[in-house]
Amino acid sequence: MARADTGPDFIEALARGLDVIRVFQPGRPVMSLTEVATAAGLARPTARRILLTLQELGYARSEQGGYALTPRVLELGVTYVRSMGLWEVARPHMELLVAQTRESSSIAQLDGSDIVYVARVAVPKIVTLSVQIGTRFPALQTSLGKVLLAALPPGEVDRVLAEPSRSGVEPRWRPGAAEREAALREVRAKGWALTDEELALGIRSVAAPLRDGLGNVIAAINVNAHAAETSVECLSERHLPLLLKTAGAISADWAVYEKVPHAMRP
């Protein structure tokens, strides 16, 4: 069945192909044809043709009587990150920050009511939730998300948060409208955000905005720590100054990068 509210140039077949890719979630690396069709809301013959096409293109493979995605799917997201050039600009600064704090650092952007991780430098630690490029979490319960939501124009926060999360994560903190707005006002006033086990037990983080040459927030960067190892005081007193310095350095480099003619960019 065709989707409602789509324009005349909308390509339904492409949308269905993307739907099939998205049904493969953490904990479901291999799915049967029936499972894929049901999850994507497609007829079995349609789902089969899409899976066979993805297999022909190298994005899927047959496995254990079902189908699984291949690492080639990562190219779709990596292409986006590379097209921005943000990873090349941020990487040396993130690596220095991680060396100084001995904690993992990530960069994320908003996608609806979720954040999506687009860059990460990690240290080997046991954490409650696995994080990698492309991982998404509900924005409001993360320090990265709070920074990004606080930067939205007036009235946009309600619209963005009205979209259902596609993260599959049930956050611990579920504020009402007044509490949510108070939290975001505090982030706007401070210029950074800290969360203490609001998303899940054991996760603390502090985040700051990354800006372009005009001062617009283009992403957010954090330092992420395990609550059993790193106190809130350590995050705010020791790691935060290093994080703010790093965010400033990345933003400054990005402003210079923006001025480079497109043909000269790596």
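Source: prediction; values computed, not measured.

Undergrad: Give me the lowdown on the packing of helix α5 (residues 86-101) against helix α9 (residues 232-259), citing residues and values where you can.
TA: Relative to each other, α5 and α9 sit at 165°, their axes nearing to 9 Å. Compared by their axis directions, α5 and α9 come out roughly antiparallel. Classified by chirality, the crossing of α9 by α5 is right-handed. Between α5 and α9, the residues in contact are L86, V89, A90, H93, M94, L97, Q100 and T101 and R238, H239, L242, L243, T246, A249, I250, D253, W254 and Y257, respectively. Across the contact of α5 with α9, the residue classes break down as eleven nonpolar, five polar and two charged.

Undergrad: Give a detailed account of a nonpolar patch on the surface, specifying residues and quantitative values.
TA: A cluster of nonpolar side chains, contributed by I11, L14 and L18, occupies part of the molecular surface with about 290 Å² of accessible area. Take L14: it is sitting in helix α1 (residues 12-22).

Undergrad: Mind laying out the environment of L184, listing which residues take part and the relevant values?
TA: In this structure, L184 sits in helix α8 (residues 177-190). You can call L184 buried: its relative accessible area is 0%. The sequence separation of L184 and L161 amounts to 23 residues, and the corresponding C-alpha distance is 13 Å. With residues near it in sequence (within four places) discarded, L184 still touches L140, K146, L149, A150 and V157.

Undergrad: Quick rundown of the sheet that holds strand β5 (residues 114-121)? Include the residues and the values.
TA: Read from one edge to the other, the open sheet built from six strands follows the order β6-β5-β4-β9-β8-β7, with strand pairing classed as antiparallel. Two strands in the sheet have a free side with no partner beyond their single neighbour: β6 (136-138) and β7 (193-196). Sheet twist, expressed as the mean angle between neighbouring strand axes with direction ignored, is 30°. Alignment of strand β8 (residues 203-211) against strand β9 (residues 217-226), held across nine bridges, turns out to be antiparallel. Counterpart to L210 in the pairing with β9 is A219. The strands touched by α9 are β7, β8 and β9; relative to β8, the strand with the most contacts, the crossing angle is about 25°.

Conventions adopted
- Residues numbered from 1 in each chain as written.
- Predicted model: local features only at pLDDT ≥ 70, side-chain atom pairs only at ≥ 80, totals over all residues.
- Heavy atoms only, no water.
- Axes fitted to C-alpha atoms, helices over the stretch in contact; angles between N-to-C directions.
- Helix = DSSP H or I, 4+ residues; strand = E, 2+ residues; numbered from the N terminus.
- Parallel < 35°, antiparallel > 145°, perpendicular 65-115°, else oblique.
- Left-handed = near helix turned anticlockwise from the far one by under 90°.
- Contact = heavy atoms within 4.5 Å.
- Nonpolar A, V, L, I, M, F, W, Y, C, P; charged D, E, K, R; others polar.
- Patch = residues over 30% accessible without salt bridge, like charges linked within 9 Å, V, L, I, M, F, W, Y side chains within 5 Å.
- Areas by Shrake-Rupley, 256 points an atom, 1.4 Å probe, with all protein chains shown as cover.
- Salt bridge = Lys/Arg side-chain N within 4 Å of Asp/Glu carboxyl O.
- Buried < 20%, exposed > 50% of the residue type's maximum accessible area, 1.4 Å probe, protein only.
- Pairing = 2+ DSSP bridges.

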